[in-house]
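Read off the chains here:
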Amino acid sequence: IAVNIIIWSSYSLFLILYVKVLNWRINMLIIMTVLLSFYVMSYFGIILEGPGYLPYYYPHRHPMKKTDYPDYLSGIVTNQEQFEFVKQRVVLRDAHFFKSARRVVIRPDHFCDWCACFVGKKNFKLFFLFNFWGICYIGFFGFSAMMGFIRESAVSRPNVFLLIFSMIYIFIAFFFFLFQFIFVCQ
């Protein structure tokens, strides 16, 4: 929720205040909207795609299941007996059971607090794209926030509201830009 609030409030601040102060043309608005779209699509893509899960009994068949149709919910650990079964079995290479996910995660990289999900085999590319588009979006937003702050502070009667929000969002943009830049480099 916090990440979404920061993303959408920064875009709203850009639309409401910076477009008015900076007098930028429609091209800048289109660029910012496209960058935001890619950023948000990759963010939700991480969450919706998931890291890739295996049922807790993998590679064996479900102990109670007799049919051949797929039953995706039966692979979730729901009781202590199933948890004990997972603890006693042989550990798979590049797949680990996590009690919080209640399933086996395929090639887990880490648990992303921003997305509130694991980053693994299936959503690792989306995680990279999220950080890449984040650098582009936040860099462009941070630049426009700095320009808005500089232009507004040069006015004889500056809008204090705009100056305060600009400073707050400049610091937030710097933090997020640096954080996502480090992720992309790694």
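None of the values given here were measured: they were computed from a predicted structure.

Student: Sorry if this is basic, but what is going on with the side chain of Ser 10 here?
Tutor: Here Ser 10 is to be found in helix H1 (residues 2–22). Overall, Ser 10 belongs to the buried group, its relative accessible area being 4%. Engagement of the side chain of Ser 10 in a polar contact is seen with the side chain of Tyr 137, the distance being 2.8 Å. What Ser 10 contacts, discounting residues up to four positions off in sequence, is Tyr 137, Phe 141 and Tyr 169.

Student: Explain helix H2 (residues 26–49) to me, please; I cannot follow it from the model alone.
Tutor: Because each turn of an α-helix spans 3.6 residues, side chains separated by three or four positions in sequence point in the same direction. For H2, spanning 24 residues, the distance from its first C-alpha to its last is 34 Å, which sits close to the expected 34 Å at 1.5 Å a residue. Residues of H2 that are buried include every one of Met 32, Leu 35, Leu 36, Tyr 39, Val 40, Ser 42, Tyr 43, Gly 45 and Ile 46, and no others. Looking at the buried residues of H2, the elements they touch are H1, strand E5 (117–119), helix H4 (124–153) and helix H5 (160–185). Following H2 by one or two positions, Gly 50 has its phi on the positive side, about 75°.

Student: For this particular structure, what's the right way to read the pattern of salt bridges?
Tutor: Side chains that differ in charge, positive against negative, can pair when their charged atoms come close. Considering all chains together, one arrives at two salt bridges under this definition. Across the pair Lys 122 and Glu 49 runs a salt bridge, and its minimum N-O distance is 3.5 Å. Of this pair, Lys 122 sits in the loop between E5 and H4 while Glu 49 sits in helix H2, and the two are 73 residues apart along the sequence. Overall, Lys 122 belongs to the partly exposed group, its relative accessible area being 47%. In this structure, Arg 93 engages Asp 94 in a salt bridge whose closest nitrogen and oxygen atoms are separated by 3.6 Å.

Student: Any chance you could explain the nonpolar core here in plain terms?
Tutor: Note on soluble globular proteins: their nonpolar side chains tend to be buried together. Formed by 33 residues in total, the largest nonpolar core has its most connected members in Phe 14, Tyr 18, Met 32, Tyr 137 and Phe 141. Ranked by residue count, the leading element in this core is H1, at eight residues. Apart from residues no more than four positions distant in its own chain, Phe 141 is found in contact with Ser 10, Leu 13, Phe 14, Tyr 18, Met 32, Tyr 169 and Ala 173. One finds Tyr 56, Tyr 57, Val 77 and Val 86 within the second-largest nonpolar core, a separate group that totals five residues.

Cut-offs used in this document
Residues numbered from 1 in each chain as written. Predicted model: local features only at pLDDT ≥ 70, side-chain atom pairs only at ≥ 80, totals over all residues. Heavy atoms only, no water. Helix = DSSP H or I, 4+ residues; strand = E, 2+ residues; numbered from the N terminus. Buried < 20%, exposed > 50% of the residue type's maximum accessible area, 1.4 Å probe, protein only. Polar contact = N/O pair within 3.5 Å; in protein donor to acceptor, adjacent residues only side chain to side chain. Contact = heavy atoms within 4.5 Å. Expected span 1.5 Å × (residues − 1). Salt bridge = Lys/Arg side-chain N within 4 Å of Asp/Glu carboxyl O. Core = buried A, V, L, I, M, F, W, Y, C linked by side-chain atoms within 4.5 Å.

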